[in-house]
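Structure assessment
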Amino acid sequence: MVQSARAIVIGGGIGGLAAAAALHRSGRHVTVLERARSLEPVGAAISLAPNALRALDVLGIGEEIRDLAAWQGDGGLRTPSGRWLSRSSAEAAAARFGGPLVLLPRATLVDRLAGLLPPGAVRTAAAARLADPGDGRRPARVGVGDDELEAELVVGADGINSRVRGALFPEHPGPVYAGFTTWRVLIPVPGVKFASHETWGRGRIWGTHPVKDGRVYAYAAAMTPAGGRAPDDEKSELLRLFGDWHDPIPAVLAAARPEDVLRHDVHHIATPLPAYHLGRAALLGDAAHAMPPTLGQGGNQAIEDAVVLAHHCPDLAAYSAARLPRTTAIARRAVKAARVNMAANPVAVAVRDTVIAAVSQARPALLLRGFDDIAGWRPPYAAGEAIER
């Protein structure tokens, strides 16, 4: 049975929901097809920089998200012993970038994005496949079970292992392992007070940040072969790797239950795609440009993609031209950043820490300057303007 739809978004994560909201705001009829049985996101929390918050302003929820989130920046970078390599200020970052860096639970952002869509727009437990990307003369076709949907636009927002990307660019090598795995927790840690920090060791990092609802978001990473798992449980693995690091890390680990710990190997797209579209189908987010989390820009770039796609639609070539150079450059910088903060050689680590400490004391603004062109991005239209169609 063939049904008709104007735009279909495959994937109900942050990028897919943002794209659906932007397309809906531009006047299109949108259907979101999500493979999972619910929109419960994978992951614990997300950091949003001013670039993504400006895109959320276009969708009408930027201020709400700022109110729900905790500002980031008061803290800094430490060594495993607790020595501060650099200190940072949330107010200084906000003044430099034209807005704050904030942190909130992923579930909160997903809920607010889904709330921008009309009832019935999201279908869960709907595994979709791109049957035909279409072209200028015929619509795209998406298969869902025994049904087939036709659309003027199909958006592949189905993550790093995107089936839509595989259908559009079958010769592309796909994602590769970044060399490290990550752990994340979002939990209450009663009675513990701390300054936000990221701590760099030898081939290992840890970060601890407060969330506005009173919980603590902590993440860790370590160089390890792909596909590994702890012999007992992931909390025990974190205790082995980080249990003797500075406070409040032991307290966070003591408060975490084994079931609270999420572990995921990090993969990224090392070979850029030739384009982010083919026919009437477009890719965004991790499906297009998965990157290591070292710059905190994966979800931010997906949100940027969403509003730029709605702005250029149906001219998908213009969307590719606008997004491919920027996201490719940021992805490459994230890979380079991983080489620095995940360095394992003791000499390289000593040099890294010495340079960071010296620059922080002599010219602290230099540590922020490298983020200017990322955080300074602005949408192709201002908040309150109609998204062009």
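It should be noted that the structure appears before, not after, this text.
Residues numbered from 1 in each chain as written. Predicted model: local features only at pLDDT ≥ 70, side-chain atom pairs only at ≥ 80, totals over all residues. Heavy atoms only, no water.

**Overview of the sheet that holds strand β4 (residues 45–48)**
The sheet built from three strands is open, its strands ordered β4-β8-β5 with antiparallel pairing. Every interior strand has two partners, whereas the edge strands, β4 and β5 (70–72), have only one. Strand-to-strand twist in this sheet, taken as the mean axis angle between neighbours without regard to direction, amounts to 30°. Pairing of β5 with strand β8 (residues 101–105), which is carried by three bridges, proceeds in the antiparallel orientation. Its bridge partner lying in β8, alanine 70 is registered against leucine 103. Strands in contact with helix α2 (residues 50–59) are β4 and β8; relative to β4, the strand with the most contacts, it is inclined by about 90°. (Pairing = 2+ DSSP bridges. Helix = DSSP H or I, 4+ residues; strand = E, 2+ residues; numbered from the N terminus. Axes fitted to C-alpha atoms, helices over the stretch in contact; angles between N-to-C directions. Contact = heavy atoms within 4.5 Å.)

**Considering the packing of aromatic side chains**
If you walk through the whole model with that rule in mind, you get four aromatic pairs. Here the aromatic rings of tyrosine 217 and tyrosine 219 are separated by 5.6 Å at their centres, their planes lie at 45°, and the arrangement is tilted. Each member of the pair, tyrosine 217 as well as tyrosine 219, is classed as buried. Following the ring pairs from residue to residue traces out a cluster consisting of Trp206, Phe242 and Trp245. Above the ring of tryptophan 84, the side-chain terminus of arginine 87 is found at 3.9 Å from the ring centroid. (Phe/Tyr/Trp six-rings, centres within 6.5 Å; stacked < 30°, edge-to-face > 60°. Buried < 20%, exposed > 50% of the residue type's maximum accessible area, 1.4 Å probe, protein only. Lys NZ or Arg CZ within 6 Å of the ring centre and 35° of its normal.)

**Quick word on α2**
Burial analysis of α2 places ten of its ten residues in the buried class, which makes it a mostly covered element. By the burial criterion, the buried members of α2 are Pro50, Asn51, Ala52, Leu53, Arg54, Ala55, Leu56, Asp57, Val58 and Leu59.

**Notes on the packing of helix α1 (residues 14–25) against helix α5 (residues 106–114)**
With their axes 9 Å apart at the nearest point, α1 and α5 run at an angle of 25° to one another. Here α1 lies roughly parallel to α5, going by the angle between them. Here α1 runs over α5; the crossing is left-handed. Contact residues: α1 offers Ile14, Leu17 and Ala18, while α5 offers Arg106, Leu109, Val110, Leu113 and Ala114. Its residues assigned to classes, the contact of α1 with α5 comprises seven nonpolar, no polar and one charged. (Parallel < 35°, antiparallel > 145°, perpendicular 65-115°, else oblique. Left-handed = near helix turned anticlockwise from the far one by under 90°. Nonpolar A, V, L, I, M, F, W, Y, C, P; charged D, E, K, R; others polar.)

**Examining the nonpolar core**
With 69 residues, the main nonpolar core has Leu48, Leu56, Leu109, Leu113 and Val142 as its most contacted residues. Top contributing element to this core by residue count: α1, with eight residues. Apart from residues lying up to four places away in sequence, leucine 109 is in contact with Ile14, Ile46, Leu48, Leu56, Ile65, Leu104 and Ile303. Among the nonpolar cores identified, the runner-up in size contains 18 residues, and Val185, Leu241, Ile249 and Ala256 belong to it. (Core = buried A, V, L, I, M, F, W, Y, C linked by side-chain atoms within 4.5 Å.)

**Regarding the pattern of salt bridges**
Scanning the entire structure with this criterion turns up 22 salt bridges. As a salt-bridge pair, arginine 112 and glutamate 64 come within 2.7 Å of each other at their nearest N and O atoms. Of the two residues, arginine 112 sits in helix α5 while glutamate 64 sits in helix α3 (residues 62–68), which places them 48 residues apart along the sequence. Notably, a salt bridge pairs aspartate 232 with arginine 240, separated by 3.1 Å at the nearest N-O pair. On the basis of relative accessible area, arginine 240 is assigned to the partly exposed category, the value being 45%. Via salt bridges that share partners, Asp132, Asp135, Arg137, Arg138, Arg141 and Glu148 belong to a single interconnected network. (Salt bridge = Lys/Arg side-chain N within 4 Å of Asp/Glu carboxyl O.)

**Thoughts on the side chain of threonine 327**
Relative to the elements of secondary structure, threonine 327 occurs in helix α11 (residues 316–341). Judged by its relative accessible area of 0%, threonine 327 falls in the buried class. Residues in contact with threonine 327, not counting those within four places in the same chain, are Tyr276, His289, Met291, Gln301 and Asp305.

**Brief notes about unusual backbone geometry**
In this structure, the amide linkage connecting aspartate 247 to the following residue, proline 248, adopts the cis form with an omega of 10°. Along the polypeptide, proline 248 turns up in the loop between α7 (234–242) and α8 (249–255). A cis amide bond, omega 10°, links cysteine 313 with the succeeding residue proline 314. Relative to the elements of secondary structure, proline 314 occurs in the loop between α10 (298–312) and α11. Residues other than glycine seldom take positive phi values, yet alanine 125 does so here, at roughly 55°. With respect to the helices and strands, alanine 125 occurs in the loop between β9 (122–123) and β10 (128–132).

Read these as layout, nothing more, since geometry by itself doesn't imply function.
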